[in-house]
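Per-entry structural report
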Amino acid sequence: PHIKTRLKSNPKDAEAWLELGQAHLVCEKYEWSLNAYEKVTALRPEDPKGYLGRGEALRMLDRFKEAIETYTRTISLSPECWEAWVGRARCKRHLEDHPGTIADLSQAIEGDPGKGEYWRRRADIRFENRDWAAAVAEANAGAAKAPATAKVAPNPAPERAALPMD
């Protein structure tokens, strides 16, 4: 049955609220998504999925400090939720907390080293900080772990802008 039909017959159906939150997130209706995820966290306060979705909605609304708190809650419930580490890193990057961004991306890499995206994001921070050698090393290490990730040229031009994380 349709999600709204399910919720009408059972407003405490946390799984339906989770699906609705995801649907709104995909449709870029972030306030609606946030509302749905808040229902999930109220119904199932120990379920990290609701907090992860809530963090994503808050991040998309540029409410980075709240999103960081929410991702932190997700991580406390599920330390192996690498998406939460990366989401929190994205928020920290927007707040220009580069050490915090690198630390969170490092956690994600430690847990899922084959995910080339995490290595690329960490390399981007190194480029932003003009740490060229570390950026190249990060990008090449990521390419070695995840062959689909392109290697970076050994001598990047200093004026090269880092790729955006989002």
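Overview of the structure. What you see is a predicted model; the values in this text were computed from it and never measured.

Structural notes on the overall build of the protein
Each helix and strand in the protein was counted, giving nine helices and zero strands. The 166 residues of the protein split such that 48% are buried. For the protein, the proportion of contacts with a sequence separation of at least 24, taken over those separated by at least 6, is 47%. For the protein, the computed accessible surface area is about 8800 Å², with 54% contributed by carbon and sulfur atoms.

Focus: the pattern of salt bridges
This model, assessed by the stated rule, comprises 17 salt bridges. The residue R44 makes a salt bridge to E15 at a minimum N-O spacing of 3.3 Å. Residue R44 is located in the loop between α3 (30–43) and α4 (48–60), and its partner E15 is located in helix α2 (residues 14–26); the two are separated by 29 residues in the primary sequence. Taking the relative accessible area as the measure of exposure, E15 reaches 32% and is therefore partly exposed. Residue R63 is joined to E31 by a salt bridge in which the shortest nitrogen-to-oxygen separation is 4.0 Å. One end of the pair, R63, is in the loop between α4 and α5 (64–77); the other, E31, is in helix α3, with 32 residues separating them in the sequence. Accessibility expressed as a relative area gives 27% for R63, which makes it partly exposed. The exposure class of E31 is partly exposed, given its relative accessible area of 47%.

The rules behind each value
Residues numbered from 1 in each chain as written. Predicted model: local features only at pLDDT ≥ 70, side-chain atom pairs only at ≥ 80, totals over all residues. Heavy atoms only, no water. Helix = DSSP H or I, 4+ residues; strand = E, 2+ residues; numbered from the N terminus. Buried < 20%, exposed > 50% of the residue type's maximum accessible area, 1.4 Å probe, protein only. Contact = heavy atoms within 4.5 Å. Areas by Shrake-Rupley, 256 points an atom, 1.4 Å probe, with all protein chains shown as cover. Salt bridge = Lys/Arg side-chain N within 4 Å of Asp/Glu carboxyl O.

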